[in-house]
Amino acid sequence: MSYEPIFALFCERVKESIQAGTFAKLTLAKTIGDTEIKNIYFRLVLNEDNTYSISLTTRYKTEELESIHPLDEALLVLGTYIKNPFLTALLFTTVNDVTFKVNKKNAGSIVEQEPTFKNASPVMLEMIEKGIV
């Protein structure tokens, strides 16, 4: 069984957390072997016209690169890094933490745990205040 359908469910959970105003942050972690790339951070950015975008910060051993994307495009970009080299995506919300994992047999799984964060991200809180979500 392929991990893609489970990753699609995980992406829906990301969208739902933003729509519900509970999004705190998202991180890709646990690489396959020792790689140049270490982490990818997914954060909300409020635009001047009161819309939002996603900041993807890719952390390498020696530098960090930031790119800005619409939500759906950012999720597609993240998908290209699953198993290349990341095995885990962690979504932190104020309701629960959602972990997506790919195992050696290429199967995906989603595990939920108690929330790490009590508050949504500052940008999420500003979006709620302005009525964007």
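How each quantity is defined
- Residues numbered from 1 in each chain as written.
- Predicted model: local features only at pLDDT ≥ 70, side-chain atom pairs only at ≥ 80, totals over all residues.
- Heavy atoms only, no water.
- Helix = DSSP H or I, 4+ residues; strand = E, 2+ residues; numbered from the N terminus.
- Rg over C-alpha atoms; globule rule 2.2 N^0.38 Å.
- Buried < 20%, exposed > 50% of the residue type's maximum accessible area, 1.4 Å probe, protein only.
- Contact = heavy atoms within 4.5 Å.
- Areas by Shrake-Rupley, 256 points an atom, 1.4 Å probe, with all protein chains shown as cover.
- Lys, Arg positive; Asp, Glu negative; His and termini not counted.
- Charge placed at Lys NZ, Arg CZ, Asp CG, Glu CD.
- Phe/Tyr/Trp six-rings, centres within 6.5 Å; stacked < 30°, edge-to-face > 60°.
- Pairing = 2+ DSSP bridges.
- Core = buried A, V, L, I, M, F, W, Y, C linked by side-chain atoms within 4.5 Å.
- Salt bridge = Lys/Arg side-chain N within 4 Å of Asp/Glu carboxyl O.

1. Considerations on the overall build of the protein chain
Along the protein chain, the regular secondary structure elements total three helices and seven strands. In sequence order, the secondary structure elements of the protein chain are arranged as α-β-β-β-β-α-β-β-β-α. Relative to the 2.2 N^0.38 estimate, which gives 14 Å for 133 residues, the radius of gyration of the protein chain is 15 Å and therefore close to what a compact globule would have. Along the first, second and third principal axes, the C-alpha set of the protein chain runs to 45 × 30 × 25 Å. Within the protein chain, the proportion of its 133 residues that are buried is 41%. If you take every contact in the protein chain between residues at least 6 apart in sequence, the share linking residues at least 24 apart comes to 52%. Of the roughly 7400 Å² that the protein chain leaves accessible, carbon and sulfur atoms contribute 52%. In the protein chain, 14 positive and 17 negative side-chain charges are present, and the distance between their average locations comes to 11 Å.

2. A closer look at the packing of aromatic side chains
Under the criterion given, the structure shown has seven aromatic pairs. Centroid distance Phe7 to Phe100: 5.2 Å. Interplanar angle 65°. Geometry classified as edge-to-face. Of this pair, Phe7 sits in helix H1 (residues 4-20) while Phe100 is found in strand E6 (residues 97-102), placing the two residues 93 residues apart along the sequence. The same class applies to Phe7 and to Phe100, which are both buried.

3. Details of the pairing of strand E4 (residues 64-69)
By the bridge criterion, six bridges tie strand E3 (residues 52-60) to E4 in an arrangement that is antiparallel. Each residue of the ladder has a partner; that of Ser55, found in E4, is Ile68. The turn joining E3 and E4, which pair antiparallel and follow one another in sequence, is formed by three residues.

4. Thoughts on the nonpolar core
The biggest cluster of nonpolar side chains holds 31 residues, and the ones touching the most others in it are Phe10, Ile18, Phe42, Leu78 and Phe100. With six residues, the single largest contributor to this core is H1. Ignoring sequence-local partners within four residues, the contact set of Phe10 consists of Leu26, Ala89, Leu90, Leu91, Val98, Phe100 and Ile110.

5. A short note on the pairing of strand E7 (residues 108-113)
Bridge analysis of E6 against E7 gives six bridges, and the strand direction is antiparallel. Opposite Val98, over in E7, you have Glu112 as the bridge partner. Between E6 and E7, which follow one another and run antiparallel, lie five residues, and Asn106 among them has a positive phi close to 75°.

6. Notes on the pattern of salt bridges
Under the counting rule described, the total for this entry stands at six salt bridges. Measuring nitrogen to oxygen at the nearest pair gives 2.7 Å for the salt bridge that ties Arg13 to Glu112. Here Arg13 is found in helix H1, whereas its partner Glu112 is found in strand E7, with 99 residues between them in sequence. Since its relative accessible area comes to 23%, Arg13 is described here as partly exposed. Between Asp34 and Lys38 there is a salt bridge, with the nearest N and O atoms lying 3.2 Å from each other. What makes Asp34 exposed here is its relative accessible area of 63%. The exposure class of Lys38 is partly exposed, given its relative accessible area of 28%. Beyond isolated ion pairs, a larger network of salt bridges with shared partners links Glu12, Lys15 and Asp72.

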